[in-house]
Structure formats: structure tokens, C-alpha cells
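Analysis of the macromolecular model
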Amino acid sequence: MSRSSADVVIIGAGIMGCAIAYSLAERGVRNIVVLEKDAIARGATADAAGGILQQFSTETNIRLATYSVRVWETYAERFGIDINLHQNGYLFLLDDPSEERTFRENLELQQRLGVPARWITPEEIAEINPYIRLDDVVGGTFCPEDGWVDTYNATMGYAQAARKLGVTFREETEVTGITVEQGKVTAVVTSDDEIATPLAIICAGPQTRLVGQMAGVEIPVDPYRRMSFITEPFATLPASLPMTIEFSTGLYFHPESRGFLFGMADRDEESSFNKSVDESWMMMTVERLIQRAPAFEEANILRGWAGFYEVTPDHNPVLGFLGEPEGLAVAAGFSGHGFMQGPAIGACMAELILDGDAKTIDISAFRPSRFAEGVLAKEHNVI
């Protein structure tokens, strides 16, 4: 087995691994190796719906999202890559009256932090999306700055920029071990190499718990299957519609590639690494979609796929150093809202690693130790 060395080894080349690598390199760290068992942007990032959302229930998530939206809006200027930004807005539909108070309280926090979201009545919803059934809807929230982007191009933009700064990416390279000696990380082991390093950052998405176990630690991140589907070109509904979400079921749909992308969370499904498409769940999703937006009865499904949410007990990420062993950090467990926060996470993790504290946005609420401390940071607006 060959041996090499690096100042930092990042495990995972999705949006988190690439954004953190770029942000560290931008700060002057050059000897960085990013390991990816598949290909850049081809893991959980590739399966994401690409949504960018600021309508969260915690201050930390709102600040992370708002920072990231400003980056997504200027991405082409920063990195020279078109990420197909569509700021059509996010429209949340509430058909459960008991949720209204919580959403209004969250809205007050969002507005106080500068998010241009607002409460809307069923009549106003009909103006924004006139194609949905509203007889059971009590109201909703809408933010015109929210939307979606191309996850592959966005991630590759970070990877290419990091490469220009000297970062090494090794694709199709699986991590098989993390060496710990005298309570410190000393190396990351792959199938054909051992990389001596004092710092390993786990950005392995749904694989995070398994990677953490290589260093003898338990990181409470588990995979949950989420299926998405896309219709064939479908002109009945306009491409100007917002991302529309039925909050009670997690049903969502938005324009994509002259058709529509849609999905719905199966909240009763157990954690697993099953990436097959469940035909029965697809039919349930289609039925619910047609109930909410009857025009979809005319659409044909082009294809479907399954990916993973990487879920923690409080539906918020694990960010920072794990404490023991020394030299092991993590950025994972985003529970379905990771991609959209990639730019902010990259900047904050670089500050945490190099300065000892994240100054751009305080991410201490998401510290790994919170689970042992019993101080969870519950996120309400998870679909």
C-alpha cells in the first residue's frame, strides 16, 4: 500500500465536501485531499431536488439559508458556471388548521431576519398557483426569493474552483478506515492508499454513521429513502409556477425540464440503504398529486429515482469537531435541507477549523455534543 500525506482529508465530494474544500483553499490551505467512493456530485447531492429555501423555524437555519441564497444568486459571476437558478418562490400549503400558529410564529422570525416571506390567504394562493385545489387549505406562506438550482452544476462549480486552488480530488476511492493513535486522527485509509493527516472531515451524507464508526465514534445520522419523479414534457401547467408544498403530507412539485418534478415523503418508512423505487408508493404519490393539482391527470411519468435524507434526531445537521478523537470533524445530517445551505456551510466550517469559531454565522447550536448534552435544536419545517 502506498503512503501519502495531506493537511486535511475530506471524506465525501458532494456539495458539503466540495464547498468546504473550496473555502479552506480560499483561506490558504492547499494540501487538501477529497475522497469520493463514487464521482463528484453523484451521491446524495445528485438525488436532491435542488430546492433553495429560507422558510425555516430556527434562526441558525434561516441565516445559513439566507447567506447561501445570496451566493446562488451570484454563482455565475463567482464561478463562471450557470446553475439554472429559478427563483419562482416556495409556496407552503397548510390544510391542517393546527399548524397555522406555528407557521405564523416562524414567519415572524423569518421576517425579523430579513426574509421576504409572507402569510397568504387561499385567495392569494389562487393567484400564485391557480392550478391547485384549495377547498381544504386554510392559508400558507410564500417567499419569492426561494426556488431551485441544478445540483450537479452547482457542486462541480465548487469542485473546479477548489482544483484551481490546488485541492486534489480522488474519485472512485472508498475510505476503508480512519487511523487513531493516542486519541488523535493520524491517517485516513483507502483501498489502495494510506493518507497521513491530522484532520479528517466527514461529509459522507447518509454514510456518515458508518464512516464515524471507523474512528470509533457514533454520529447520529441515519439514511431514509426519498423518491422523486419527473413527468414527460407537460405544457398544461406553466414553467413559472413556484415550488409548491403540501406541508401535511410532504407532497411537492415544481417545473423541471419542460415537465414537473414531484415527490412525497413516506414518513412511516424505516431507515435503510434501499434505493429502489417503490411502485406502490409512486402510485400513492401520483394519486395525492392529482388530488391537489387535478391537471396532472394529463401528465405521464418519464422516470423516478430514490435518494436519501440523512436524518438526525432533531432534523438538524451535525457541524464541527467531535471532541474525541482529536482531529475529527463532521458536516452531515442535514435531514433534507443540506444542498441549499452548502455555500454557508463551506464558509462556516472553514472558519471553525482555521479560527476556532464560525464568525459568519453562529453554528454552535448544531455542535455534535448537543445530543449527549440533551440540548436539541428541533427544525419544524422539514419535508
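Values in this document were obtained by computation on a predicted structure and should not be read as measured data.

One finds Ile32, Ile201 and Met349 to be the most contacted residues of the largest nonpolar core, which totals 78 residues. Tallying contributions element by element places helix 1 (residues 15-26) first for this core, with 9 residues. Beyond its immediate chain neighbours, meaning those up to four positions away, Ile32 contacts Val8, Ile10, Ala21, Leu24, Ala25, Val167 and Thr168.

This part takes up helix 3 (residues 59-73). Over its 15 residues, helix 3 extends 21 Å from the first C-alpha to the last, a length consistent with the 21 Å expected when each residue adds 1.5 Å. If you check which residues of helix 3 are buried, you get Thr60, Asn61, Ile62, Leu64, Ala65, Thr66, Ser68, Val69, Val71 and Trp72.

Right, let's talk about the environment of Ala126 for a bit. Following the sequence through the fold, Ala126 ends up in helix 6 (residues 122-128). According to the relative accessible area criterion, Ala126 is partly exposed, its value standing at 31%. On a C-alpha basis, the gap between Ala126 and Gly43 in space is 37 Å, while along the polypeptide they are 83 residues apart.

Pairs can form between side chains of opposite charge once their charged atoms are near each other. If you walk through the whole model with that rule in mind, you get 21 salt bridges. In this structure, Asp355 and Arg27 form a salt bridge, with 2.8 Å as the shortest nitrogen-oxygen distance. Taken together, the residues span a long stretch of sequence, with Asp355 in helix 10 (residues 342-355) and Arg27 in the loop between helix 1 and strand 3 (32-35) at a distance of 328 residues. The exposure class of Asp355 is partly exposed, given its relative accessible area of 36%. Owing to a relative accessible area of 42%, Arg27 belongs among the partly exposed residues under this scheme. Residues Asp136 and Arg292 are paired through a salt bridge, measuring 2.9 Å at the closest nitrogen-oxygen approach. Residue Asp136 is located in the loop between helix 6 and strand 7 (139-143), and its partner Arg292 is located in helix 9 (residues 279-292); the two are separated by 156 residues in the primary sequence. The network of salt bridges with common partners includes Asp95, Arg133, Asp135, Asp136, Glu246, Arg288 and Arg292.

What follows deals with the packing of helix 3 against helix 10. Two elements in contact, helix 3 and helix 10, have axes whose closest approach is 7 Å; the angle formed by their N-to-C orientations is 110°. The orientation of helix 3 with respect to helix 10, classified from their angle, is roughly perpendicular. Across from Leu64, Tyr67, Ser68, Val71 and Trp72 in helix 3, the residues of helix 10 making contact are Gly342, Pro343, Ala344, Ile345, Ala347 and Cys348. For the contact of helix 3 with helix 10, the class distribution of residues is 9 nonpolar, 2 polar and no charged.

We now examine the sheet that holds strand 6 (residues 118-120). Here we have 8 strands laid out as an open sheet, ordered 6-7-5-15-16-17-14-18, and mixed in their pairing. Either end of the sheet is taken by a strand with one partner, and the two such strands are strand 6 and strand 18 (301-311). Between one strand and the next, the sheet's axes are offset by a mean angle of 20°, whatever the strand orientation. Contacts from helix 5 (residues 100-112) reach strand 5 (90-94), strand 6 and strand 7, with the element oriented near 145° to strand 6. Here helix 9 sits on the sheet in contact with strand 5, strand 14 (222-231), strand 15 (243-246), strand 16 (251-256), strand 17 (259-263) and strand 18, set at roughly 80° to strand 16.

Basis of the calculations
- Residues numbered from 1 in each chain as written.
- Predicted model: local features only at pLDDT ≥ 70, side-chain atom pairs only at ≥ 80, totals over all residues.
- Heavy atoms only, no water.
- Core = buried A, V, L, I, M, F, W, Y, C linked by side-chain atoms within 4.5 Å.
- Buried < 20%, exposed > 50% of the residue type's maximum accessible area, 1.4 Å probe, protein only.
- Helix = DSSP H or I, 4+ residues; strand = E, 2+ residues; numbered from the N terminus.
- Contact = heavy atoms within 4.5 Å.
- Expected span 1.5 Å × (residues − 1).
- Salt bridge = Lys/Arg side-chain N within 4 Å of Asp/Glu carboxyl O.
- Axes fitted to C-alpha atoms, helices over the stretch in contact; angles between N-to-C directions.
- Parallel < 35°, antiparallel > 145°, perpendicular 65-115°, else oblique.
- Nonpolar A, V, L, I, M, F, W, Y, C, P; charged D, E, K, R; others polar.
- Pairing = 2+ DSSP bridges.

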